[in-house]
Each structure stands twice: as structure tokens, then as C-alpha cells.
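# Observations on the model geometry
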Amino acid sequence: MGWLEGDVALITGAGSGLGRALVDRFVAEGARVVALDRSADRAAAVQAAHEGSVVGVAGDVTVVEDNERAVARALAQFGRLDTFVGNAGLYDYGARVADTPAEALSRGFDELFAVNVKGCLLGVKAALDALVETSGSVVLTASLAARSAGIGGAVYTASKHAVVGLVGQLALELAPRVRVNAVSPGFMRTDIRGPRALGLDDRTLASFPDLDELARAVLPLQFLPDPADYTGHYVQLASRANAAATTGVVVDCDGGFAVRGMGPPPG
Ligand SMILES: NC(=O)c1ccc[n+]([C@@H]2O[C@H](COP(=O)([O-])OP(=O)(O)OC[C@H]3O[C@@H](n4cnc5c(N)ncnc54)[C@H](O)[C@@H]3O)[C@@H](O)[C@H]2O)c1
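This is a predicted model, so every value here is computed, not measured.

The rules we used
- Residues numbered from 1 in each chain as written.
- Predicted model: local features only at pLDDT ≥ 70, side-chain atom pairs only at ≥ 80, totals over all residues.
- Heavy atoms only, no water.
- Near = heavy atom within 4 Å.
- Polar contact = N/O pair within 3.5 Å; in protein donor to acceptor, adjacent residues only side chain to side chain.
- Areas by Shrake-Rupley, 256 points an atom, 1.4 Å probe, with all protein chains shown as cover.
- Helix = DSSP H or I, 4+ residues; strand = E, 2+ residues; numbered from the N terminus.
- Nonpolar A, V, L, I, M, F, W, Y, C, P; charged D, E, K, R; others polar.
- Buried < 20%, exposed > 50% of the residue type's maximum accessible area, 1.4 Å probe, protein only.
- Core = buried A, V, L, I, M, F, W, Y, C linked by side-chain atoms within 4.5 Å.
- Contact = heavy atoms within 4.5 Å.

This paragraph deals with the site of the ligand. Neighbouring the ligand are 28 residues, the closest being Ser16, Asp37, Arg42, Tyr156 and Thr190. Here an oxygen atom of the ligand and a side-chain polar atom of Asp37 are 2.6 Å apart. Arg38 places a main-chain nitrogen or oxygen 3.0 Å from a nitrogen atom of the ligand. Out of a free accessible area of 830 Å², the ligand has 95% covered by protein chains. Put simply, the parts of the chain that give the shell around the ligand at least two residues each are α1 (17-28) and α5 (154-174). Of the residues belonging to the shell around the ligand, the class tally is eleven nonpolar, eleven polar and six charged.

Below you can see the structure in the form of C-alpha cells.
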């Protein structure tokens, strides 16, 4: 028996990378899933991979109506909603303030924050009544950039700190009916894109061919995790039986990056 048997989850950014791994894991744990992604092809592909257990919805997390449509689909198809996973995100590829024209910085900030922060807020808002009904939960995707500088640039780092702020505020506001937590994954190789306004919409992590080597060099655990390696934390936080007393928590799973400090490289 899975940890999410009978539950229904809405996962955003579900067509690729971590979101896709979360869909696969939630289904393996017994959940049915609405998979929201901006890419219609990806939404269709994840539905086809789990016919009967997953409904793919093409939509944009920055748009109120698209979030509401995804929640309505969960209720129409599966009759309930137990967990909202706010995961869709953009990365700024470390764009430095000094090197970025002010106009691009302004538009890039709006574009990235709209997905990484507003997308989480609008998703929670759309899901709220349904989550209250089931005494459900929210799990957001933060990042090791929510704790450490130098992983992204100022825009991405600030957006992930804002996700942690949402967790605290919403955990308080939505108690006692709805638990709100986050997972802060470390490095992984995905298709993550950046804001068009920063010229990063076609950039991918393929531009870091030495990511495995970097992970081995700087992480005490000395390996580059796959997206699937992070999914167990989401399952636990979503599970009533295994996290009933847990709200307002951010689970760091960064390969030990945060504890290394000035310590020597892993040997
Ligand atoms: N890749 C990493 O190293 C890393 C590290 C820490 C945290 N994260 C976080 O993990 C999350 C998932 O990123 P990923 O690395 O799997 O990237 P990814 O690009 O592989 O997957 C993200 C998915 O979100 C979708 N998406 C983007 N904007 C959207 C929007 N406005 N509305 C709906 N869907 C949208 C994309 O189409 C894509 O399918 C993000 O929040 C990211 O910040 C990633």
C-alpha cells in the first residue's frame, strides 16, 4: 500500500524534470494526479504515460483562470483534492545585476517572480476550498538558493526566499485545516529555462556539461541527484499519516551543501 493511496494531487510544472518525477512517484504511491504544464505536448505526454491515473492540463500558473481550471478538473475527474504541489519554475542562470541592463532586469524580475512566486500563490488560492474540504496540504518547491547565495542570480535567489516566506505565512493562515510545507532540492539536471526578458528562454542546464563533476567536487554527498531522488520528501509531507504534525517546514535536500561552509572539499 502506497503512502498516498486514494489521494488526489495537483502538480504544476508537471511535464518535465522534477515535476514529471513527482507525477510518477505520486502515482506509484497510489495517488491520482492532475498535471498542469504550460506545454500542451508535455501535459498530454504525462497523461498518456499514466492513462486513468493522471489528467494532463495545459495552462499557465501565472493565470488565475488556468489554476482554477486545473482544480475544477481534479474535482470533476477525481472528486476531491488532497494536495497542491506548486513546482513550476524558471531559473535566471546566475544573471548578475551589474551585467544586466536595468530594463531587462525589471522585466526579467516580473517574468520570473510571476512563475516562481505568484504561480504558487495563485495555485494555493484556487485550491484552497477543496483543500479545506479534505484537510489537505500544500507542498511548494523552493531550492538550495532559498538558503545560499551564488546558486542563482539575485532574481532567482530572491524568488526562492519568497517561496519560503509563503510557506510561513500560509502555514499560519491556513491552519488548522491545511498544512503548508516546502522542499528545497539541490542540483539536478533538468530542462529548466529562464525568462525571455533576460534572453534565457532557450538556455538549458546542458550549458553546464560538468554538472556531475561540480556536484562531486562541492557536495559532501558527492553525487548529482536525479529528480526522482527528491520526490520522497514531497510524498512524506503530503501524507497525512506521516506528517500530520508538520506545517511551516522547509526540507533541505541539498547533498550537504549548506553544512559544508569553509570545510575542505569532500575527499
Ligand atoms: N534544476 C535544478 O537544478 C533545480 C534545483 C533546485 C530547485 N529547482 C526547482 O525545481 C522546480 C522544477 O524545475 P525543473 O528543474 O524540473 O525544470 P523543468 O523546466 O525541467 O520543468 C519545469 C516545467 O514547468 C513548466 N512551466 C514553466 N513555466 C510554467 C508556467 N508559467 N505555467 C505552467 N508550467 C510552466 C515547463 O514547461 C516545464 O515542463 C522549479 O521550481 C525550480 O526552481 C530546480
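Once that is clear, we can look at unusual backbone geometry. A cis geometry characterises the amide bond from Ala175 onward to Pro176, with omega recorded as 5°. Phi at Tyr93 takes a positive value of approximately 50°, unusual for a residue other than glycine. With respect to the element layout, Tyr93 can be found in the loop between β4 (83-86) and α4 (102-134). Classification of Tyr93 by relative accessible area gives buried; the value is 9%. Of note in the backbone geometry, Ser135 takes a positive phi value of approximately 50° without being a glycine.

With 55 residues, the main nonpolar core has Leu10, Val34, Leu81, Phe84, Val138 and Leu140 as its most contacted residues. Non-local contacts of Val34, meaning those with residues more than four positions away in its chain, are made with Ala9, Leu10, Ile11, Val55, Val57, Ala70, Arg73, Ala74 and Phe78. Within the second largest apolar cluster, 24 residues are counted, among which are Ile11, Leu18, Val85 and Cys253.

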